[in-house]
Structures are given as structure tokens and as C-alpha cells.
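A look at the structure
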Amino acid sequence: MNILSLFKPISTFVFDVDGVLTDGTVQLLPNGEQSRKMNIRDGYALQLAVKKGYRVVIISGGRSESVVSRLQGLGIKDIYTGVLDKQEKLQDYVFENDLRWEEIIFMGDDIPDYRAMQLVGLPVCPADAAPEIRGICRYVSPINGGNGCVREIIEKVLKLNGHWMMDEEIASR
């Protein structure tokens, strides 16, 4: 089976934050705040996926108002932070939105993502994911977390469905 055939039916992207949208590093600031960095190209792909009608869902065990603010600024509405049981949250989301498992991709990187990732049609991970996660993935990105792995996944789906580089601004050039 061609791996790309698994990407074509995707309508819903589910992402963890730390280790996927970030490199997993948390910088501790003197005022007690924690800072993370996100890849701008991941951000472009996320907002384009939303504009093209794909569902983008964030399910994270962490809590960060700056992360939530950044993701909301990209147009993402389904952001769940402080989640203790990602499998349960994902099952509830799928049921509430009448989705099919085979149309969902979940990109996670560590043990808290394991059970939820086993439910979806296409579990994927960054190159530097935990070995247990790499072991259950149908696709492992060649890119590490926080360095463009999210864009790589979104770009595959959008290209296969004719939605990449179709932004009106680009198309008019």
C-alpha cells in the first residue's frame, strides 16, 4: 500500500503541543512564566488548513495562555489544554462531531498521546518522538518536533487534495 493513500481521506488534524508544535523545550523565566517557541511555517500551514475547511484540533496536557492565544490567532477553535486523558477527549470530540476514525490524523510524540493515537486512521509523529510512539505510527516525519513537522504533514494532505498553493493571493500571481 502506498503511504500517501492514507493521507488523502484526511479531514481532521489532531496535534499535541509540546514536542510536536514546539521542540519540547520549556524556558523558565525569572517571573515564573514558561516560554515555548513555535515554527512560523507550521503556523502558516495550520491557518491554511483551517481556511480550506479542515478541522484542526489541539489536545494538550499542558496549559499555556500564550500557546492558546497563538493558536486562536491562527483560526483554530478546537483547543483543549490541561487534558489528563487524551483518548477520552478524542473519543468525545469524534462522537460530538460525527467523524470517522479513518479521516483523522493524530500527531503526537510521547506516552500521553499513545492511547489516543491508536484510535485514528493515521497516527504520525515527529522524527524525535519517543520510541514507543514511533512504534505505533504509520508515518514518521523526517523532521523533529517544533521544526516544521506539522507543516510537512498538513502539506501532504493539502497537496493530495488540491488545496496547497491555492490561496487566492498566490493564485492571482
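Use the structure listed above.
Nothing here was measured: the structure is a model prediction, and the numbers come from that model. (Residues numbered from 1 in each chain as written. Predicted model: local features only at pLDDT ≥ 70, side-chain atom pairs only at ≥ 80, totals over all residues. Heavy atoms only, no water.)

Brief notes about the packing of aromatic side chains
For the structure shown, the criterion picks out five aromatic pairs. Residues F13 and F15 carry aromatic rings whose centres are separated by 6.0 Å and whose planes lie at 5° to one another, so their mutual orientation is stacked. For F13, a relative accessible area of 0% corresponds to the buried category. Pairing F13 with Y54 gives two aromatic rings, centres 5.7 Å apart and planes at 50°, and the pair type is tilted. A residue pair is termed long-range when its members are at least 10 positions apart, and F13 in strand β1 (residues 12-15) and Y54 in the loop between α2 (40-51) and β4 (55-59) qualify at 41 residues. Each member of the pair, F13 as well as Y54, is classed as buried. Every member of this aromatic cluster is reached through a ring pair, and the members are F13, F15 and Y54. (Phe/Tyr/Trp six-rings, centres within 6.5 Å; stacked < 30°, edge-to-face > 60°. Buried < 20%, exposed > 50% of the residue type's maximum accessible area, 1.4 Å probe, protein only. Helix = DSSP H or I, 4+ residues; strand = E, 2+ residues; numbered from the N terminus.)

Looking at the pattern of salt bridges
One pass over the full model with this rule turns up nine salt bridges. Residue K86 is joined to D113 by a salt bridge in which the shortest nitrogen-to-oxygen separation is 2.5 Å. Here K86, found in helix α4 (residues 86-96), pairs with D113, found in the loop between β6 (104-107) and α5 (114-117); they are 27 residues apart in sequence, far enough to count as distant. When sorted by exposure, K86 lands in the same class as D113, which is buried. E152 is the salt-bridge partner of K156, the closest N and O atoms lying 3.2 Å from each other. Placement of both K156 and E152 in helix α7 (residues 149-160) is noted, with a separation of four residues, approximately one turn of the helix. When salt bridges with common partners are traced through the structure, they connect D16, K86 and D113 into a single cluster. (Salt bridge = Lys/Arg side-chain N within 4 Å of Asp/Glu carboxyl O.)

Focus on the sheet that holds β4
If you trace the six strands from one edge of the open sheet to the other, you get β5-β4-β1-β6-β7-β8, paired in parallel fashion. Strands at the two margins of the open sheet, each flanked by one partner only, are β5 (78-80) and β8 (139-140). Note that β4 and β5 share three bridges and pair parallel. If you follow V57 over to β5, its bridge partner there is D78. With respect to the sheet, α7 is in contact with β1, β6, β7 (122-125) and β8, its orientation differing from that of β1 by roughly 170°. (Pairing = 2+ DSSP bridges. Contact = heavy atoms within 4.5 Å. Axes fitted to C-alpha atoms, helices over the stretch in contact; angles between N-to-C directions.)

Some thoughts on the nonpolar core
Within soluble globular proteins, side chains that are nonpolar generally end up buried alongside one another. Core analysis: the biggest nonpolar cluster contains 33 residues, and F13, F15 and L46 have the highest contact counts within it. The set of elements that each furnish at least two residues to this core consists of α1 (4-7), β1, α2, β4, α3 (65-73), β6, β7 and α7. Excluding its chain neighbours within four sequence positions, the residues that come into contact with F13 are A49, Y54, R55, V56, V57, I105, I153, I154, V157 and L158. Judged by nonpolar contacts, the second largest core, of 19 residues, contains F106, V120, A130 and C137. (Core = buried A, V, L, I, M, F, W, Y, C linked by side-chain atoms within 4.5 Å.)

A few points about the side chain of D113
Taking the relative accessible area as the measure of exposure, D113 reaches 1% and is therefore buried. Side-chain polar atoms of D113 contact the backbone nitrogen of D109, separated by 2.9 Å. When residues no more than four places from it in sequence are discounted, the contact partners of D113 are D16, K86, F106, G108 and I133. (Polar contact = N/O pair within 3.5 Å; in protein donor to acceptor, adjacent residues only side chain to side chain.)

Some thoughts on the environment of V20
Along the chain, the position of V20 falls in the loop between β1 and β2 (27-28). Look at V20 and you get buried, because its relative accessible area is 0%. Beyond its immediate chain neighbours, meaning those up to four positions away, V20 contacts F15, D42, M107, G108, D109, P126, G145, G146, C149 and V150.

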